[in-house]
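In case you want the letters, here they are:
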Amino acid sequence: MIKNFSNIYKEQLNSIINNEDVIALFLVGSSKNINFENENLKIKDIDLFIISHQIENQIRDIKILNGIEFDINKFSIEYAKMMIENKEYFFIKEMKDAKIIYDKKNIAHELINSSKLKYYEGPEKISKDEMLVLKNTIYDNISRLHNKTDFENYEYEFLTNIYLKDIIRGYFIKNGKWIPKDKKIFKYLSENEKDLFRLAKDVYKSYEYNNLKKVYEYVFF
């Protein structure tokens, strides 16, 4: 008999909770919004954060059960607190609105609330001198592309892609914003920074140096 998704989910969670080393268990990512009581549920992956008694700082385990991928990250309590204190983006972003599944020692709300505070403080600001170094380094890099004939086409386009990403990351750093994952950066720009998004798209249309420079000037001036 093929088990439905809800039963597979419950069995996996029970096996985690029954481990005496487990202190707390959270659903994170899009998984936290799923109604697992729905017997007709169809889902491909489930993301879990576990706080446990362990020597290792972090252990990642991926299990595939009846076609469902369980992406499980286990952290020691000391490492979880350190990541919050150090504003480790991937951790506090997910933990700030995680769904509590199990909380043996009543630490879950503290971890969530601490993550929220750190996340909404934003990333650490860089100094004016550091910002100037970043700005000048990127300018020196893109200036190399001024004469397109110095490069093979594939090399020129490759470097243009790299430098465009550097400029866009510079936008987030300059404005004290968290830098999204690469695959989500342009989605963020399309929704929140339409002028910069338009300029970046122009670069990909023709790979012209002047279009790359316009993006640089928009971000840094």
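Computed from a predicted model, the values in this text were never measured in an experiment.

Chemist: Requested: an account of the pairing of strand β2 (residues 45–52), with residues and values cited.
Modeler: Among the eight residues of β2, six are classified as buried, and the element is accordingly described as predominantly covered. Both β2 and strand β4 (residues 68–76) contribute to a ladder of eight bridges, which runs parallel. Within the sheet, the bridge partner assigned to D45 lies in β4 and is E69.

Chemist: Lay out the pattern of salt bridges with the relevant residues and their values.
Modeler: Taken as a whole, this structure holds nine salt bridges when the rule is applied. For E121, the salt bridge identified is with K87, shortest N-O distance 3.1 Å. Of the two residues, E121 is situated in helix α4 (residues 108–121) and K87 in the loop between α2 (77–85) and α3 (89–95); the sequence distance between them amounts to 34 residues. The closest approach of N and O atoms between D166 and R169, which form a salt bridge, is 3.7 Å. Note that D166 and R169 are positioned in helix α6 (residues 153–174) at a spacing of three residues, about one turn of the helix. Classification of D166 as partly exposed rests on a relative accessible area of 25%.

Chemist: Just give me the short version of the pairing of strand β3 (residues 58–65), but keep the residues and values in it.
Modeler: Across eight bridges, β3 lies against β4 in antiparallel orientation. Pairing of D61 across the sheet is with I72, part of β4. Between β3 and β4, which follow one another and run antiparallel, lie two residues, and N66 among them has a positive phi close to 50°.

Chemist: For unusual backbone geometry, give the residues involved together with the corresponding values.
Modeler: Positive phi, close to 55°, is recorded for N106, a residue that is not glycine. Mapped onto the secondary structure, N106 falls in the loop between β5 (99–103) and α4. The phi dihedral of Y207 is positive, around 55°, even though this residue is not glycine. Relative to the assigned elements, Y207 resides in the loop between α8 (194–206) and α9 (209–220).

Chemist: An account of the nonpolar core is needed here, citing residue identities and associated values.
Modeler: Of all hydrophobic cores here, the largest spans 26 residues; its most connected members are L145, I167 and L212. Mapped by element, the contributors of at least two residues to this core are α5 (128–143), α6, α7 (182–192), α8 and α9. The dominant element in this core, judged by the number of residues it contributes, is α6, at eight residues. In this view, L212 contacts I142, L145, T160, Y163, L164, I167 and V203; residues no more than four positions away in its chain are not counted.

Chemist: Break down the side chain of K96 for me, citing the residues and quoting the values.
Modeler: When you line up the elements, K96 lands in the loop between α3 and β5. The exposure class of K96 is buried, given its relative accessible area of 12%. Within the structure, K96 has its side chain in polar contact with the side chain of D97 (distance 3.4 Å). If near-sequence neighbours (up to four positions away) are discounted, K96 is found in contact with I112, S115, K116, Y119 and Y120.

Chemist: Go over the sheet that holds strand β1 (residues 22–28) with me, naming the residues and quoting the values.
Modeler: Strand pairing in a sheet takes place through backbone hydrogen bonds and is either antiparallel or parallel in direction. Strand order in the open sheet made by the five strands is β3-β4-β2-β1-β5, with mixed pairing throughout. The two strands at the open ends of the sheet, each matched to only one other strand, are β3 and β5. Between one strand and the next, the sheet's axes are offset by a mean angle of 20°, whatever the strand orientation. Relative to β5, β1 is paired through four bridges, and the arrangement is antiparallel. When the sheet's bridge partners are listed, L27 is paired in β5 with K99. Against the sheet, helix α1 (residues 5–17) contacts β1, β2, β3, β4 and β5, and its axis sits at roughly 20° relative to β4. Along the sheet face, α4 touches β1, β2 and β5 and points at about 145° away from the line of β5.

Chemist: Lay out the layout of surface pockets in plain terms, naming residues and giving numbers.
Modeler: By volume, the largest pocket amounts to about 890 Å³. Y89, K93, E94, K181 and K184 are the residues nearest the centre of the largest pocket, which is lined by 29 residues in total. Mapped by element, the contributors of at least two residues to the lining of the largest pocket are β2, β3, β4, α3 and α7. Broken down by element, the lining of the largest pocket gets its largest block of residues, six residues, from α7. Tallied by class, the residues present in the lining of the largest pocket amount to 10 nonpolar, five polar and 14 charged. Its volume calculated, the second largest pocket comes out at about 180 Å³.

What counts and how
Residues numbered from 1 in each chain as written. Predicted model: local features only at pLDDT ≥ 70, side-chain atom pairs only at ≥ 80, totals over all residues. Heavy atoms only, no water. Buried < 20%, exposed > 50% of the residue type's maximum accessible area, 1.4 Å probe, protein only. Helix = DSSP H or I, 4+ residues; strand = E, 2+ residues; numbered from the N terminus. Pairing = 2+ DSSP bridges. Salt bridge = Lys/Arg side-chain N within 4 Å of Asp/Glu carboxyl O. Core = buried A, V, L, I, M, F, W, Y, C linked by side-chain atoms within 4.5 Å. Contact = heavy atoms within 4.5 Å. Polar contact = N/O pair within 3.5 Å; in protein donor to acceptor, adjacent residues only side chain to side chain. Axes fitted to C-alpha atoms, helices over the stretch in contact; angles between N-to-C directions. 1 Å grid on protein atoms, 1.4 Å probe; cavity = no way out; pocket = protein on both sides within 12 Å on 5 of 7 lines; lining within 4 Å. Points joined across faces, edges and corners; volume = space filled by probe spheres on them. Nonpolar A, V, L, I, M, F, W, Y, C, P; charged D, E, K, R; others polar.

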